[in-house]
Amino acid sequence: MLKLLRPAMTRILTPLGRALVGLGIGPNAVTAFGTLGTIVAALIFFPLGRLAWGALVITFFVLFDLLDGVVARLGGKNGSTWGAFLDSTFDRVADAAIFAGLILYFVARGDTLMTAVTLCCLIAGTLVSYAKARAEGLGLTADVGIAERPERLVVALVTTFLAGLGVPYVLPAGMWLLAAASVVTVVQRAVAVYQQTRET
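What counts and what doesn't
- Residues numbered from 1 in each chain as written.
- Predicted model: local features only at pLDDT ≥ 70, side-chain atom pairs only at ≥ 80, totals over all residues.
- Heavy atoms only, no water.
- Helix = DSSP H or I, 4+ residues; strand = E, 2+ residues; numbered from the N terminus.
- Buried < 20%, exposed > 50% of the residue type's maximum accessible area, 1.4 Å probe, protein only.
- Contact = heavy atoms within 4.5 Å.
- Phe/Tyr/Trp six-rings, centres within 6.5 Å; stacked < 30°, edge-to-face > 60°.
- Polar contact = N/O pair within 3.5 Å; in protein donor to acceptor, adjacent residues only side chain to side chain.
- Axes fitted to C-alpha atoms, helices over the stretch in contact; angles between N-to-C directions.
- Parallel < 35°, antiparallel > 145°, perpendicular 65-115°, else oblique.
- Nonpolar A, V, L, I, M, F, W, Y, C, P; charged D, E, K, R; others polar.
- Salt bridge = Lys/Arg side-chain N within 4 Å of Asp/Glu carboxyl O.

(A) Just the environment of Ile-12, in detail. Relative to the assigned elements, Ile-12 resides in helix α1 (residues 6–22). Measuring from C-alpha to C-alpha, the distance between Ile-12 and Val-57 comes to 19 Å, with 45 residues separating the pair along the chain.

Okay, here's the thing in structure tokens:
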């Protein structure tokens, strides 16, 4: 569903991407800036309980994940295999920072259960990405699952924002949903890879 929004967002970001290319700013710099902004926002706002502000600032920086692709296509510097590797690696770092910030938020409030659930989100989310990358490294595919990165980010940021506005129970519900969906996605990808290995 969220993939359908990418073309529209790309059109919106194209003028900014063209301006960055004109300034000589390449996609790798855009990727690094977006990741750094996400890390700083997540590890400052969330532990302090500034959930709504943190979610808004992170959403702004997450848009750079689309903008770096726009800059690369428009002819910015370093649009390369290295850039693709850097983008994927920094995505993992940004995701980890978001959930680490939420873990610190729950730790500061002495909520052991939600700390554990959010830690599960972090670990399972990492495994979702690893399973796909490892499968592709073996010449297989694992592009399946109900909780890919865009969906995980939307659920995490929307529920965090709503919690910051005072909506009760929405953040714990979101973390439980993400934990369950991420674990299911890991299993779905493992099954997909297993089936492909049985066919060879």
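(B) Structural detail: helix α4 (residues 64–73). Residues of α4 that are buried: Phe-64, Leu-66, Leu-67, Asp-68, Val-70 and Val-71. If you follow the buried residues of α4, they end up packed against α1, α2 (27–45), α3 (51–62) and α5 (81–108). Gly-75 occupies a position one or two residues after α4 and carries a positive phi of about 100°.

(C) Here's a closer look at the packing of aromatic side chains. Tallying each qualifying case throughout the model produces seven aromatic pairs. Judged by centre distance (5.1 Å) and plane angle (75°), the ring pair of Phe-60 and Phe-61 falls under edge-to-face. We classify Phe-60 as partly exposed; its relative accessible area is 47%. In this structure Phe-61 comes out as buried when scored by relative accessible area, which is 14%.

(D) Highlighting the side chain of Thr-185. Residue position: Thr-185 is located in helix α8 (residues 170–199). A polar atom in the side chain of Thr-185 sits 2.8 Å from the backbone oxygen of Ala-181. Each residue touching Thr-185, except ones within four places of it in the same chain, is listed here: Val-128, Val-144, Gly-145, Ile-146 and Ala-147.

(E) Molecular detail of the packing of α5 against helix α6 (residues 112–137). Where α5 contacts α6, the axes come no closer than 8 Å and their chain directions differ by 170°. As the angle between them shows, α5 and α6 are arranged roughly antiparallel. On α6, the residues touching Arg-92, Ala-96, Phe-99, Leu-102, Ile-103, Phe-106 and Val-107 of α5 are Met-114, Thr-115, Thr-118, Leu-119, Cys-121, Leu-122 and Ser-129. In terms of residue class, the contact of α5 with α6 is made up of 10 nonpolar, three polar and one charged.

(F) How the structure looks around the pattern of salt bridges. Following the criterion strictly, the structure yields four salt bridges and no others. The salt bridge partner of Arg-149 is Asp-95, with a shortest N-O separation of 2.9 Å. With Arg-149 in helix α7 (residues 149–164) and Asp-95 in helix α5, the pair connects residues that are 54 residues apart, well separated along the chain. Within this structure, Asp-91, Asp-95 and Arg-149 form a network of salt bridges that share partners.

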